[in-house]
Amino acid sequence: MDTTMDISTHDQCVFVLRYIKDRTEGTRSIVEVKERVVALKNAISSSGQGLFDLLKLTLDSINIGFDNCVADAFDGAANIANIKEFKLNSRKYSQGIFIHVTVISFFGLFQELFVFFKESYKGLNVYENQNNPSRPSHLINIGKTRWRSKNDAVIKIFGRIDIWNERAKNDDKKQFVYVQIVFALYEISVTNDFSNSVRSTAQSLLGRLTRYETVLTAMLFLQIFKFTTALSDYLQTSGLDYIQAWRKIDGTIKFLKEKQREFLPISAAAKIFIEFVSSVIWENESDIDIELELPEKRRKTIPKRSGENSSTNHNIVDGDTPENVYKIKTFNVVMDNIIACLEFRFSGSKELYCDLELFDPRRFEEITKNGIHSEAIHKICELLPYIDKHKLGEQLLSFVKFWPQISKTDIRDVYDVHQNQSNLLEYSDLEDFEYSQENNDNMCTRKKNVTHVYYA
């Protein structure tokens, strides 16, 4: 359920139910997930109790028991926290929302930096003057859906995570533009050549960029992108091998699970990075503030209400360092969510990938020799029940049989066909012409004879 104000300034509330529908086809049971808009009501009260009463009234009107419903409360979860009936049937993903906001804030910073320098030629000139003229370095626009742009943007500003270790040489630690951005933002924030609003924005961006938490989060995503970007690039290739794709997916999940609780390399890389950039920056400008570690934050305590479990994270105890709190609340949750998402999206698709691989011409020679396994194309027919498995298998074998002849057909063969048809037409036309010419000659002979007889 969600509310929005219409043109007449009335608050309208829409109710959407997601339910599971079971149906049987032959011996197979098929489960479908359905979504339906069941009602649109005028919300008189925006309080938690008012919305709950409206929900209960709507469900009663369509004969749906409230006990059979499960609600996921996201935005406005605190608004219904005091409603006991709703609380017993709801799940609040506060931790997931916290991580969602953290990720948006982190990548939002890069997008704001790109827009800030691109919208003004004066600001862009300040940034470009900080770079080597022989090697200009442009910032990268963050795409809304393409993770590749996010990977490139993080690497552009912070460098690759492999260079932030004790064994890396100093020359390797120059392939990033973090220092240049910091100097450019600082220069814009203190000079009088820019308006007060621009200077204030530059100061705000500078403060967010030099936070230790920003650096720590950057190292976290650099470690993640190290495994996932190669997979993402391969899944977008035109000549995709489905078996190889599945192996890469499975390997990526295994690598991420191995690193799932290895926070120490992330922390060590962040420390080396901040020590390096702070020494470089402070050699030239000592007035720039850079956080060298995570600051202490006051612990938020949420009062426990009757019939409600405490929302306090039991993995965090009093006296924990800010870095350990970051590990538990951010690092662990981000890694868990990424692995869970990959497994949810791909792990149950191994059979489908194997079925799709049968339609790859590179596998036709093997199919010709060994045929099709009895369990093959089962997943495709399960997802598309109207397709007959045996008929599809027979058609595939027939196509594979004729593939050598089909694959050898090129554009010249098409030209030959057209040329043959053209020759046939020309030959046919020539015969028609000769036949017509012969008839004309005969007619002329008869006419001459007739004329000769007429005048004789």
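Above: the structure in question.
Residues numbered from 1 in each chain as written. Predicted model: local features only at pLDDT ≥ 70, side-chain atom pairs only at ≥ 80, totals over all residues. Heavy atoms only, no water.

Student: What's the story with the overall build of the chain in this structure? I'm lost.
Tutor: Across its full length, the chain holds 16 helices and five strands. Looking at the chain as a whole, 34% of its 456 residues qualify as buried. The long-range fraction of contacts in the chain, counting pairs at least 24 apart against all pairs at least 6 apart in sequence, stands at 63%. (Helix = DSSP H or I, 4+ residues; strand = E, 2+ residues; numbered from the N terminus. Buried < 20%, exposed > 50% of the residue type's maximum accessible area, 1.4 Å probe, protein only. Contact = heavy atoms within 4.5 Å.)

Student: Quick question: what am I supposed to make of the pattern of salt bridges here?
Tutor: Between side chains of opposite charge, pairing is possible as soon as their charged atoms come close. Scanning all chains against the criterion turns up 18 salt bridges. Among the salt bridges present, the one from Arg 148 reaches Asp 233, with a minimum N-O distance of 2.4 Å. With Arg 148 in helix H5 (residues 147-158) and Asp 233 in helix H8 (residues 212-235), the pair connects residues that are 85 residues apart, well separated along the chain. For Arg 148, a relative accessible area of 32% gives the class partly exposed. For Asp 233, a relative accessible area of 30% translates into the label partly exposed. Of the charged contacts, one joins Lys 226 and Asp 162 as a salt bridge, the two residues approaching to 3.0 Å between their closest N and O atoms. Here Lys 226 is found in helix H8, whereas its partner Asp 162 is found in the loop between H5 and helix H6 (178-190), with 64 residues between them in sequence. Judged by its relative accessible area of 44%, Lys 226 falls in the partly exposed class. Of the residues examined, Asp 162 reaches a relative accessible area of 45% and is grouped as partly exposed. (Salt bridge = Lys/Arg side-chain N within 4 Å of Asp/Glu carboxyl O.)

Student: Can you help me understand the sheet that holds strand S1 (residues 2-5) in this one?
Tutor: The pairing of strands in a sheet comes from backbone hydrogen bonds and takes either a parallel or an antiparallel form. Taken in spatial order, the three strands line up as S1-S2-S3 in an open sheet, and their pairing is antiparallel. Either end of the sheet is taken by a strand with one partner, and the two such strands are S1 and strand S3 (28-42). Adjacent strand axes in the sheet meet at a mean angle of 25° when their direction is disregarded. The strands touched by helix H1 (residues 48-61) are S1, strand S2 (11-25) and S3; relative to S2, the strand with the most contacts, the crossing angle is about 40°. (Pairing = 2+ DSSP bridges. Axes fitted to C-alpha atoms, helices over the stretch in contact; angles between N-to-C directions.)

Student: What should I look at first to understand unusual backbone geometry in this one?
Tutor: Residues other than glycine predominantly adopt negative phi, and peptide bonds predominantly adopt the trans conformation. In this structure, Asn 63 is a non-glycine residue whose phi angle is positive, near 60°. You can see Asn 63 is positioned in the loop between H1 and strand S4 (71-73). For Asn 63, a relative accessible area of 72% gives the class exposed. Despite not being glycine, Ile 377 has its phi angle at roughly 50°, a positive value. Summarising the element assignment, Ile 377 is placed in the loop between helix H13 (364-370) and helix H14 (378-383).

Student: Is there a simple way to think about the packing of helix H9 (residues 242-258) against helix H12 (residues 350-357) in this case?
Tutor: What describes two packed helices is the angle between their axes and the distance between those same axes. In the contact formed by H9 and H12, the axes pass within 8 Å of each other and the chain directions differ by 155°. With respect to their mutual orientation, H9 and H12 come out roughly antiparallel. For the pair formed by H9 and H12, the contact residues are Tyr 242, Ile 243, Ala 245, Trp 246 and Ile 249 on the first element and Lys 350, Tyr 353, Cys 354, Leu 356 and Glu 357 on the second. Of the residues assigned to the contact of H9 with H12, the class counts are eight nonpolar, no polar and two charged. (Parallel < 35°, antiparallel > 145°, perpendicular 65-115°, else oblique. Nonpolar A, V, L, I, M, F, W, Y, C, P; charged D, E, K, R; others polar.)

Student: I tried to follow the side chain of Gln 180 on my own but got confused; where do I start?
Tutor: Looking at the element boundaries, Gln 180 is found in helix H6. What Gln 180 contacts, discounting residues up to four positions off in sequence, is Tyr 127, Gln 130 and Asn 131.

Student: Explain the packing of aromatic side chains to me, please; I cannot follow it from the model alone.
Tutor: Across all of its chains, the model carries 26 aromatic pairs by this definition. Ring plane angle 75° and centroid distance 5.0 Å describe the contact between Phe 106 and Phe 107, whose orientation is recorded as edge-to-face. Comparing Phe 106 with Phe 107, the two get one shared label, buried. Ring centres of Phe 227 and Phe 255 lie 5.8 Å apart, and the angle between their planes is 25°; on these two criteria the pair is classed as stacked. Taken as a pair, Phe 227 in helix H8 and Phe 255 in helix H9 lie far apart in primary sequence, 28 residues in all. The buried category is assigned to Phe 227, whose relative accessible area is 17%. Given the relative accessible area of 44%, Phe 255 is considered partly exposed. These aromatic residues form a ring-pair network of at least three members: Phe 106, Phe 107, Phe 110, Phe 158, Trp 164, Phe 176, Tyr 178, Phe 221, Phe 225, Phe 273 and Phe 276. Over the ring of Tyr 234 we find Lys 248; its NZ or CZ atom is 5.2 Å from the centre of that ring. (Phe/Tyr/Trp six-rings, centres within 6.5 Å; stacked < 30°, edge-to-face > 60°. Lys NZ or Arg CZ within 6 Å of the ring centre and 35° of its normal.)

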